[in-house]
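# Topology and contacts: notes
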Amino acid sequence: MTNPHTELIARMRPQDKVTLLSGRGLWRSASLPQLGIRDFVMTDGTYGVRYSSAQIDQQESWNISDFLSVVQQDAGQAAGGSDKGGSEALFGHSRPATCFPNGSSLACSWDVELVQQMGRALAIECQSMGVGLLLGPGINIRRTPLAGRGYEYYSEDPLLSGELAAALINGLQQQGVGASLKHFACNNSEYMRTRMDSIVEERALREIYLYGFQRAIAKAQPWTVMSSYNRLNGEQTSQHHWLLTRVLREEWGYQGLVMSDWYGIKDRPASLLAGNELAMPENALDNAELLAAIEQGRIPAAQLDSACLHMLQLIAKVHAGRAPAPWRTLPTITAWRSRSPPHHWYC
């Protein structure tokens, strides 16, 4: 039996493949109407769906310089000594959404069933807004309470982190919304996060920093895994072949899509060769570099086609999971609260 995805890939030009493996704007996948390929919306995050109407619906954007000017502020600048602004400067105002407990609070419950319910509730809100991929959960190890985004992560324990992540992913994906397990791996600092280098020996990597990811993947098979910004032992994780191919694919048997964090790729051809398939967000320079590498024969055709296959499979899952339009208008969190024991709200 022929595979419709492979037949479609055979019809695609190199430019089409490059487009498919990039975003459109900030929060959408690419669409190729001439090939019948539809886009979908993705957004943060697993403690409340952040739907920026200006960016998703009106295609407002920011570039890498805007992004870095905000994320690389120090504490004094972010507190008011800078005119760059905080997260609103990047994302604008968002649609109202339920604010769920963050990871460091949620993990104190040790309640896998509750976290799976939360995943289902998040999926309902995603469906109501037309979001097909929710960018989380994040399960990096909480090495210190001073880490800027440590509150997003569950625990200093990889087993607990993996169990809770699997529960959230299953809750989301059973309701037709994809998850993105992140930030792979060793995203241990927010200060200079696009340049810092996590130096970790292999035993500590496997027993602590990677084990939560391995456990979550084995128990839930997230539709996507997101690489991190940092370096790992001197090499950017977004182009780390040992991490993204040898460990993730060959040892763990991961079958989904690998994607970058936003502007997290520094060398697009190298990232694809390492196993990073979807580059987010849309970046004309990255696309031009990848197309040139393809035309020069530096990207094996089989590897390029494999990345396209994973992307087409993700698109098919997202659209297969879309709820009918009338269902997407139903109330969300009220129904979830009625099913949850009251004490769970104070864990």
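In this report, we go over the structure that sits alongside the text.

Cut-offs applied
- Residues numbered from 1 in each chain as written.
- Predicted model: local features only at pLDDT ≥ 70, side-chain atom pairs only at ≥ 80, totals over all residues.
- Heavy atoms only, no water.
- Axes fitted to C-alpha atoms, helices over the stretch in contact; angles between N-to-C directions.
- Helix = DSSP H or I, 4+ residues; strand = E, 2+ residues; numbered from the N terminus.
- Parallel < 35°, antiparallel > 145°, perpendicular 65-115°, else oblique.
- Left-handed = near helix turned anticlockwise from the far one by under 90°.
- Contact = heavy atoms within 4.5 Å.
- Nonpolar A, V, L, I, M, F, W, Y, C, P; charged D, E, K, R; others polar.
- Pairing = 2+ DSSP bridges.

## Let's talk about the packing of helix H1 (residues 4-11) against helix H15 (residues 301-321)
- Following both chains from N to C, one finds H1 and H15 inclined at 125 degrees, their axes separated by 10 Å at the closest point. For the element pair H1 / H15, the angle class is oblique. In terms of crossing hand, the pair formed by H1 and H15 is right-handed. Facing His5, Leu8 and Ile9 of H1, the residues of H15 in contact are Asp305, Cys308, Leu309, Leu312, Gln313 and Ala316.
- Its residues placed into classes, the contact of H1 with H15 shows 6 nonpolar, 2 polar and 1 charged.

## Here's the deal with the environment of Ala107
- Note on placement: Ala107 falls in the loop between helix H7 (103-106) and helix H8 (112-129).
- Each C-alpha atom of the pair Ala107 and Leu164 lies 7.4 Å from the other, and the pair is 57 residues apart in sequence.
- Residues in contact with Ala107, not counting those within four places in the same chain, are Tyr154, Leu160 and Leu164.

## Some thoughts on the pairing of strand S4 (residues 131-134)
- Pairing of strand S3 (residues 41-43) with S4 involves 3 bridges; the strand directions are parallel. Bridging from a neighbouring strand, Val41 pairs with Val131 of S4.
- Where S4 meets strand S5 (residues 178-184), 2 bridges bridge the pair, whose relative direction is parallel. Paired with Leu133 across the two strands is Gly178, which belongs to S5.

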